[in-house]
Structures are given as C-alpha cells and as structure tokens.
Amino acid sequence: MVIARTYRLWRDLAMSEDLPKEALKTVIGALCAPATTPNGFDAQADRWREKALKAALPALTVLLARTSAH
C-alpha cells in the first residue's frame, strides 16, 4: 500500500529519463497499489493514483520497451 500524498512523487519518478531499470518494478507497484490514508480507503486518493498512473503510462511504456530490449 502507498501513502496517497506520494502518488505525484511516484509519477515524477516514472517519468524520469534517469530512472534505472531496477526501479521499474517498484515504481509500477507503487502506482498500482491501493491508496491508503490514516482513515483507510479514500476514493479521492484513489483518483489521484489513477491520474498519476495515466500521466506516467507513456514514460513507463518507453522504459518497459527499453528494459525488454536489453
């Protein structure tokens, strides 16, 4: 599970051209993990997660292709 307020950070990491391929699994896992808050599930936080994942998807696709080629 991921703290909801960190989704923007995970998105930024995913979009970084310098992200090492070893970090790919962790970043994808964080962007796919359910949102948690001190009070449990939060629909707003899950929307933040979905928005961050959609924004990062093009960069992740490129990174996955680059990783697969090696």
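Residues numbered from 1 in each chain as written. Predicted model: local features only at pLDDT ≥ 70, side-chain atom pairs only at ≥ 80, totals over all residues. Heavy atoms only, no water.

Draft legend 1. Spatial organisation of the environment of V62. If you trace the backbone, V62 turns up in helix α3 (residues 43–69). Note: C-alpha distance between V62 and N39 (23 residues apart in sequence) is 36 Å. (Helix = DSSP H or I, 4+ residues; strand = E, 2+ residues; numbered from the N terminus.)

Draft legend 2. Just the packing of helix α1 (residues 7–15) against helix α2 (residues 24–32), in detail. Following both chains from N to C, one finds α1 and α2 inclined at 145°, their axes separated by 10 Å at the closest point. In this structure, α1 crosses over α2, and the sense of that crossing is left-handed. Within the contact between the two elements, α1 uses Y7, W10, R11, L13 and A14 and α2 uses T26, V27, A30 and L31. When grouped by side-chain class, the residues that make up the contact of α1 with α2 number seven nonpolar, one polar and one charged. (Axes fitted to C-alpha atoms, helices over the stretch in contact; angles between N-to-C directions. Left-handed = near helix turned anticlockwise from the far one by under 90°. Contact = heavy atoms within 4.5 Å. Nonpolar A, V, L, I, M, F, W, Y, C, P; charged D, E, K, R; others polar.)

Draft legend 3. A look at α2. Among all positions of α2, only L24, V27, A30 and L31 are buried. Along the long axis of α2, the arc covered by the buried residues comes to 135°, so they all point the same way. (Buried < 20%, exposed > 50% of the residue type's maximum accessible area, 1.4 Å probe, protein only. Arc of directions from axis to C-beta.)

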